[in-house]
Amino acid sequence: TLAAGAVLVLAHRLLGMLAIRWPVLDRWINGSERLLVENGRKNDDQMRAGLVSESDIDEALRKKLGNASRRAILYAILERNGEITIVPHLPK
């Protein structure tokens, strides 16, 4: 068990060091951001690829802006760590 744990720790460390050196490997391992909503319009292809539902976007919207509609979103981005970032329209 200890040997298997050590191998996993060393493999994780090695992949981390290689990902820093080669950005292509970093994108392959960690993925890239996905634009889920732009100007209030959802991108179904990106949502499907990122396994994100409309409920997930609504939840992120409530956390950021409270009780707002999806039209208030300038961008909704699925970050590499799995969080959804909401960028609201600026008030005029």
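Residues numbered from 1 in each chain as written. Predicted model: local features only at pLDDT ≥ 70, side-chain atom pairs only at ≥ 80, totals over all residues. Heavy atoms only, no water.

## Here's the deal with the side chain of Asp-26
Here comes step 1: Considering the arrangement of structural elements, one finds Asp-26 in helix α2 (residues 23-30).
Here comes step 2: Excluding residues within four positions of it along the chain, Asp-26 makes contact with Ala-19, Gly-31 and Arg-80. (Helix = DSSP H or I, 4+ residues; strand = E, 2+ residues; numbered from the N terminus. Contact = heavy atoms within 4.5 Å.)

## Describing the sheet that holds strand β3 (residues 73-78)
Whether parallel or antiparallel, the strands of a sheet pair through hydrogen bonds between backbone atoms.
Here comes step 1: Here we have 4 strands laid out as an open sheet, ordered β2-β1-β3-β4, and antiparallel in their pairing. With one partner strand each, in any of the chains shown, β2 (41-42) and β4 (84-88) form the two edges of the open sheet.
Here comes step 2: For β3 and β4, the ladder comprises 5 bridges, and the chain directions are antiparallel. Among the inter-strand pairings, Tyr-75 is bridged to a residue of β4, identified as Val-87.
Here comes step 3: Against the sheet, helix α4 (residues 54-65) engages β1 (34-38), β2, β3 and β4, with an angle of about 60° to β4. (Pairing = 2+ DSSP bridges. Axes fitted to C-alpha atoms, helices over the stretch in contact; angles between N-to-C directions.)

## With respect to the nonpolar core
Within soluble globular proteins, side chains that are nonpolar generally end up buried alongside one another.
Here comes step 1: Core analysis: the largest hydrophobic core is formed by 11 residues, namely Leu-36, Val-37, Met-47, Val-52, Ile-57, Ala-60, Leu-61, Ile-73, Ala-76, Leu-78 and Ile-86.
Here comes step 2: Secondary-structure elements contributing two or more residues to this core are β1, α4 and β3.
Here comes step 3: If sequence neighbours within four positions are ignored, Ile-73 has contacts with Val-37, Asn-39, Gly-40, Ile-57, Leu-61, Ile-86, Val-87 and His-89. (Core = buried A, V, L, I, M, F, W, Y, C linked by side-chain atoms within 4.5 Å. Buried < 20%, exposed > 50% of the residue type's maximum accessible area, 1.4 Å probe, protein only.)

## Side note on unusual backbone geometry
Here comes step 1: A positive phi angle is found at Asn-39, which is not glycine, with a value near 55°.
Here comes step 2: The phi torsion at Leu-51 lies on the positive side, around 55°, for a residue other than glycine.

## Brief notes about a nonpolar patch on the surface
Here comes step 1: A surface patch of nonpolar side chains, amounting to about 360 Å² of accessible area, comprises Leu-15, Trp-28 and Ile-29.
Here comes step 2: Tracing the chain through its elements places Ile-29 in helix α2. (Patch = residues over 30% accessible without salt bridge, like charges linked within 9 Å, V, L, I, M, F, W, Y side chains within 5 Å. Areas by Shrake-Rupley, 256 points an atom, 1.4 Å probe, with all protein chains shown as cover. Salt bridge = Lys/Arg side-chain N within 4 Å of Asp/Glu carboxyl O.)

## Side note on the pairing of β1
Here comes step 1: Relative to β3, β1 is paired through 4 bridges, and the arrangement is antiparallel. By the bridge assignment, Leu-35 is partnered in β3 with Ile-77.
Here comes step 2: Where β1 meets β2, 2 bridges bridge the pair, whose relative direction is antiparallel. Across the sheet, the residue bridging to Val-37 is Lys-42, located in β2.
Here comes step 3: What sits between the antiparallel neighbours β1 and β2 is a turn of 2 residues, in which Asn-39 has the positive phi angle 55°.

## Some thoughts on helix α1 (residues 2-21)
Here comes step 1: Between its first and last C-alpha atoms α1 spans 29 Å; for 20 residues at 1.5 Å apiece the expected length is 28 Å, and the two agree.
Here comes step 2: Burial analysis of α1 places just 1 of its 20 residues in the buried class, a small minority of the element. (Expected span 1.5 Å × (residues − 1).)

Bear in mind that shape data such as this cannot, by itself, settle questions of function.
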